[in-house]
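Chain by chain, the residues run as shown.
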Amino acid sequence: MKRKGLYGTLLALTMVILVLPVVQQHTRWFRLKPLHGVTVATAQPELSVSSFMSGEYQRQEEQYLAENLGFRELLVRCYNQFSWSLFGLPQNKRVVMGSDRWLFSDILTRHHDGQLVYDYGNSNEEVVRRMKASAIMLYQLQEVLREQGVSFFVCLPPSKDRVCEAYMDKRERRYDRPSGVVAIDFFPPLFDSLGINCLDFSAYYMQIKDTVSYPLYLKSSFHWSQQSACYAADTLVRYMEALSGLNMHNLNYSEPYLAETRQPDADLEELMNLLWPIGNNENYYVDVTVDDDTTAVRPRWLVVGDSYYWLWQYGLPLDQMFDTHHYWYYNNTVFNDSLHSHVDEVDILRELLTTDVVMLLYSPSNLYDLNRGFLTNALLAFYYEQGVVDAKVEQIKQEIRNSPKWLASIEQQALAEGKDVESALEGNARYMLRNSPSLYFDELKEAKVPACRSSRVSKVQSDLQDSIRQARCMQIYGNRVWLDAIREKAKNKGIPLDIAIEQDVDWMLRKERQ
């Protein structure tokens, strides 16, 4: 009887083990911590005679079940923890372990070895040509914005593979291609020769990495530490003041304190999807406040760049430092702007003309493509009428039609993506124009600012001035003391009240421009 009871218990446990994952797959009764990382979900396939006979249905169903198995998150974390605890091996191919269990991304190891260049082009020479063209466009945008009273500069954050090189894996890594250009070595001297404003934290961190008393990077992070980023912000503010001539709020720092690890200070560790943290899950942080300088101004700031900005977003009192601080993540998603969520929704000309300071921020591993459409879109908006740009797009589309091989590849692309051929043609033509604008506009080939300007520039400027004047008038009408003073002034001069208000607004605007 005892043996039968044991067999019954084992059978019940076996059934639970077999059935419970299926129940979890369909009901999600147990809430499990999701896995970190970017995944492309596989849709559940539809059964048909043709897909079944070809084996395509079975392949897709197998992939779907593997991705949606109940308790998959827990099983993956258990396997990853076993591999890490026993052998010190991350199961995520994007994470590379260095000495003393320091973590690096595979992007940083390839950047360190001069291999990242091949992610951006078929040859080293192709990428170098594109980087030179981007630098020329940078210079042109800087100068055309200077004409409008807008300050522009490039900010180069540090890179973990250089600052913490001593902790990288010393084993030789073999590649099929020779080492190519490293963007962080290529751009700074080129920026100097062109006169491009550049705040180079990458070079500065290499100077201080062995002397500072706080960690510039953490073992488990891709980005600079919160302390490091917040202290760097003081230099950022001073640089912006020198560049723009504005008096900004100074930053004050608390004493460093221990706290539970915050985002994104363990982003590489999170990609490993382990059961429990590698370390003690605590790091040092600082709180940042601004001074009470009543003469300080809060400029309007536009940042276009990568994820290194997030440490400033999380650690700085940006609302107290800036009037607006819009952030265009990789010139794609828009943050800190209640009116827009994507750059395609933004009037780039109006945005640039209503900004005081523009910063282009890309870390060393992302410098190979400084443009990402931002420089092209900005310069085309300043220089050319929309009809001229559209004509160039039509020219490129015709070039594609005249190339049977090129056209055939786009037709295949359209079929694979479920688009019509004309839409695919339009998208490819605009992609070509975005990435190689100097091939189609001679004015973008040299490091000098052309005289041509779109008529929209003066139109937007006029609209902005009207809006500012209207806002100042409403400000006066909303202040009884101020309004009574101007009414008395108008009476003494013998002029209508609205004329007197306009004269006061003109005086305020002249003082602001000074």
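Above this note sits the structure.
Here goes a summary of the coordinates provided. Keep in mind that this is a model prediction, so the values were computed, not measured.

1. Regarding the overall build of the protein chain
Step number 1: Scanning the protein chain from N- to C-terminus turns up 21 helices and 12 strands.
Step number 2: Each principal axis of the C-alpha distribution contributes one length, and for the protein chain these read about 115 × 65 × 50 Å.
Step number 3: Within the span of the protein chain, comprising 514 residues, buried residues form 43% of the whole.
Step number 4: Contacts in the protein chain between residues far apart in sequence, at least 24 positions, make up 73% of those at least 6 positions apart.
Step number 5: Entry remark: accessible area of the protein chain is about 28200 Å², with carbon and sulfur atoms responsible for 54%.
Step number 6: Both charge centroids of the protein chain, one from 54 positive and one from 67 negative side chains, sit 3 Å from each other.

2. Structural notes on the packing of helix α17 (residues 404-417) against helix α18 (residues 421-435)
In a pair of packed helices, the angle between the axes and the distance between the axes together describe the arrangement.
Step number 1: Following both chains from N to C, one finds α17 and α18 inclined at 115°, their axes separated by 9 Å at the closest point. As α17 packs across α18, the resulting crossing turns out to be right-handed. Residue-level inspection shows W406, L407, I410, E411, Q413 and A414 of α17 in contact with α18, the latter providing V421, A424, L425, N428 and M432.
Step number 2: Class assignment for the residues of the contact of α17 with α18 results in 8 nonpolar, 2 polar and 1 charged.

3. A look at the pattern of salt bridges
Step number 1: Under the definition given, this model contains 23 salt bridges.
Step number 2: Linking K397 and E394 is a salt bridge whose minimum nitrogen-to-oxygen distance equals 3.2 Å. Within this pair, K397 and its partner E394 are both found in helix α16 (residues 386-401), separated by 3 residues, close to a single helical turn.
Step number 3: According to the relative accessible area criterion, K397 is buried, its value standing at 3%.
Step number 4: A salt bridge links K448 to E446; the shortest N-O distance between them is 3.6 Å.
Step number 5: Note on K448: relative accessible area 51%, which makes it exposed.
Step number 6: Look at the salt bridges and you will find they share partners, linking D390, E394, K397, R401, E422, E426 and R430 into a network.

4. A closer look at the packing of aromatic side chains
Step number 1: A complete count under the given rule lists 31 aromatic pairs for this structure.
Step number 2: Taking 5.2 Å as the distance between ring centres and 70° as the angle between the ring planes, the aromatic pair formed by Y231 and Y253 counts as edge-to-face. Residue Y231 is found in helix α10 (residues 226-244), and its partner Y253 is found in strand β5 (residues 251-253); the two are separated by 22 residues along the sequence.
Step number 3: The class for Y253 is partly exposed, based on a relative accessible area of 28%.
Step number 4: Their ring planes at 20° and their centres at 5.8 Å tell us that W310 and Y314 sit as a pair that is stacked. Pair noted here: W310 and Y314 are both in helix α12 (residues 310-315), with a separation of 4 residues, about one helical turn.
Step number 5: Accessibility expressed as a relative area gives 18% for W310, which makes it buried.
Step number 6: Using a relative accessible area of 52% as the deciding quantity, one classes Y314 as exposed.
Step number 7: Cluster of aromatic residues (ring-pair linked, three or more members): W301, Y309, W310, Y314, F322, Y327, Y329, Y330, F335 and Y362.
Step number 8: Directly above the ring of F104 sits K160, whose terminal nitrogen or CZ lies 5.2 Å from the centroid.
Step number 9: Across the ring face of Y285, the terminal group of R262 is positioned such that the distance to the ring centre comes to 4.2 Å.

5. Some details on α16
Step number 1: In a regular helix each residue adds 1.5 Å, so 16 residues correspond to 22 Å; α16 covers 23 Å between its end C-alpha atoms and thus fits that length.
Step number 2: Of the surrounding secondary structure, the elements contacted by the buried residues of α16 are α15 (374-383), α17 and α18.

6. A look at the nonpolar core
Step number 1: If you look at the biggest cluster of nonpolar residues, it comprises 67 residues, and the most contacted ones within it are L141, F374 and F382.
Step number 2: By residue number, the principal contributor to this core is helix α6 (residues 124-147), which donates 10 residues.
Step number 3: Apart from residues lying up to four places away in sequence, L141 is in contact with F152, F374, L375, A378, L379 and F382.
Step number 4: The next biggest cluster of nonpolar side chains, apart from the first, holds 51 residues, and it includes V163, F201, L274 and V290.

7. Focus on the pairing of strand β3 (residues 151-156)
Step number 1: The buried fraction of β3 is high, at 6 of 6 residues.
Step number 2: Side chains S151, F153 and C155 of β3 all project onto a buried face; the interleaved residues F152, V154 and L156 project onto the opposite face, where all are buried too.
Step number 3: By the bridge criterion, 5 bridges tie β3 to strand β12 (residues 357-361) in an arrangement that is parallel. Counterpart to C155 in the pairing with β12 is L361.
Step number 4: Sheet topology places β3 next to strand β4 (residues 198-200); 3 bridges connect them, and they run parallel. The partner of V154 across the bridge, within β4, is C198.

8. Quick look at the sheet that holds strand β10 (residues 324-329)
One key point about sheets: their strands pair by backbone hydrogen bonds, in either a parallel or an antiparallel sense.
Step number 1: The mixed open sheet is built from 6 strands, whose spatial order is β4-β3-β12-β9-β10-β11. In this open sheet, the two strands that pair with only one neighbour each are β4 and β11 (333-335). Within this sheet the neighbouring strands show an average axis-to-axis angle of 20°, counted without direction.
Step number 2: The pairing of β10 with β11 spans 3 bridges and is classified as antiparallel.

Rules used in this analysis
- Residues numbered from 1 in each chain as written.
- Predicted model: local features only at pLDDT ≥ 70, side-chain atom pairs only at ≥ 80, totals over all residues.
- Heavy atoms only, no water.
- Helix = DSSP H or I, 4+ residues; strand = E, 2+ residues; numbered from the N terminus.
- Buried < 20%, exposed > 50% of the residue type's maximum accessible area, 1.4 Å probe, protein only.
- Contact = heavy atoms within 4.5 Å.
- Areas by Shrake-Rupley, 256 points an atom, 1.4 Å probe, with all protein chains shown as cover.
- Lys, Arg positive; Asp, Glu negative; His and termini not counted.
- Charge placed at Lys NZ, Arg CZ, Asp CG, Glu CD.
- Axes fitted to C-alpha atoms, helices over the stretch in contact; angles between N-to-C directions.
- Left-handed = near helix turned anticlockwise from the far one by under 90°.
- Nonpolar A, V, L, I, M, F, W, Y, C, P; charged D, E, K, R; others polar.
- Salt bridge = Lys/Arg side-chain N within 4 Å of Asp/Glu carboxyl O.
- Phe/Tyr/Trp six-rings, centres within 6.5 Å; stacked < 30°, edge-to-face > 60°.
- Lys NZ or Arg CZ within 6 Å of the ring centre and 35° of its normal.
- Expected span 1.5 Å × (residues − 1).
- Core = buried A, V, L, I, M, F, W, Y, C linked by side-chain atoms within 4.5 Å.
- Pairing = 2+ DSSP bridges.

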